[in-house]
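# Architecture at a glance
For reference, the chains in residue letters:
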Amino acid sequence: MENFSTAFVGLDVHKNSIDIAIAEFGRTGEVRHYGAVGGDLDALGKAVRKLRSRHSTLHFAYEAGPCGYEVYRYLHGQGLDCVVIAPSLIPRRPGDRIKTDRRDALQLARLHRSGELTPIYVPHPEDEAIRDLVRCREDARIARHKSRQQLKALLLRNGIRYEGKSSWIPAHLRWLSELRLPQPAQQIAFQEYLDATSNAQERVERLERQISVQIDSWRMKPLIAAYQSLRGVQLVVAATVAAELGDLRRFDNPRQLSAYVGLVPSEHSSGASTRRGGITKTGNVHVRRILVEAAWAYRLPPRVSRIIRLRQENLPSAINEISWQAQLRLCGRYRRLMASGKCKQQTVTAIARELLGYLWAIAKEVRVG
């Protein structure tokens, strides 16, 4: 049974310092500030050893942030209990706008003792490594988009417009290669922008190849293959969902998963009235964006294309059946929502929410290591 030797420890973790506060179990007195140590694990280890000499049981908590999960894994490696807290879900008093390292550590210790903190999911180190690679590809995609915008802006300022239907296809790239601007300085600027777009495209393709290579030895490989049975869910989408969310079986139902990703409507209720607004946009922005992108595939009639059939060849029939049911429902729902007067973006967001539910259903059928 727990006694006064049990303590709840709040850590405010930064690159160069860690503030420590302690709240002892069973006591209602003020939480005390233990002190601040260096931001490295050696300094933290010395503080932990002192705390263990005074308390038989320790429960640590700190906010998720740019320092990642290094502290969490270190403490777990020492056999200690530790949780990482979502900063947006930490209760705060109205009007409390003072935020210092010491106050944050005291607040974490106090709330951890009272059980008011919401821990987040901490990925496995191998999962986090794939997530870093997937996010690197996303950053490269954003850089490619920016470089293309800059090139088009230069041409537009000089009254040069492409008359074709689609940009960045082979015909458009040939047109760009043949362009000559009137001034030498402008031609130099144009060539630099053109080279930047080419380099950005090569970087995206290089990272996509590496994602394909790295998942071959990843424990989530069977799950990624199963996800790709769905229309609109190709390698990058499947890898992003698996790396960012982990095993979807940890969610009890699709509604809980959708809320975690921020694809559920916000609610503003008072008394007997209930008002619903746009989606909450909480949680993982990477998964939310890529699901909305994948959902556009369902604007077309249901059809198992040759590419999808190849992806489904070695999958169990139960997964392929879920994929077909997803096409029948989501394609029909897209048509109904558009016919009811919904705008395209609202419709696609609704499709993305249901697509996430089908991903959850497929995850229930796959066993991962």
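One can find the structure itself at the top, above this paragraph.
Computed from a predicted model, the values in this text were never measured in an experiment.

Once that is clear, we can look at the nonpolar core. In this structure, Tyr 227, Leu 230, Leu 248 and Leu 291 are the most contacted members of the largest nonpolar core, which totals 55 residues. For this core, the secondary-structure elements that each account for two or more residues are helix 4 (125-157), helix 6 (184-214), helix 7 (221-227), helix 8 (235-245), helix 9 (254-261), helix 10 (285-295), helix 12 (317-339) and helix 13 (344-363). In terms of residue count, helix 13 provides more of this core than any other element does, 10 residues in total. If sequence neighbours within four positions are ignored, Leu 230 has contacts with Tyr 298, Arg 311, Ser 323, Ala 326, Leu 355, Tyr 358, Leu 359 and Ile 362. Grouped together as the second largest cluster of nonpolar side chains are 25 residues, Leu 11, Ile 20, Leu 44 and Leu 75 included.

A full pass over the atoms with the stated rule returns 15 salt bridges. The partner of Glu 138 in a salt bridge is Arg 141, and the shortest N-O contact between them spans 2.8 Å. Of this pair, Glu 138 and Arg 141 both sit in helix 4, three residues apart, which is roughly one turn of the helix. This pair shows no difference in class: Glu 138 is buried, exactly as Arg 141 is. Assessed through its relative accessible area of 9%, Glu 138 is described here as buried. One network of salt bridges, with partners in common, ties together Glu 138, Arg 141, Arg 289 and Glu 293.

Conventions and cut-offs
Residues numbered from 1 in each chain as written. Predicted model: local features only at pLDDT ≥ 70, side-chain atom pairs only at ≥ 80, totals over all residues. Heavy atoms only, no water. Core = buried A, V, L, I, M, F, W, Y, C linked by side-chain atoms within 4.5 Å. Buried < 20%, exposed > 50% of the residue type's maximum accessible area, 1.4 Å probe, protein only. Helix = DSSP H or I, 4+ residues; strand = E, 2+ residues; numbered from the N terminus. Contact = heavy atoms within 4.5 Å. Salt bridge = Lys/Arg side-chain N within 4 Å of Asp/Glu carboxyl O.

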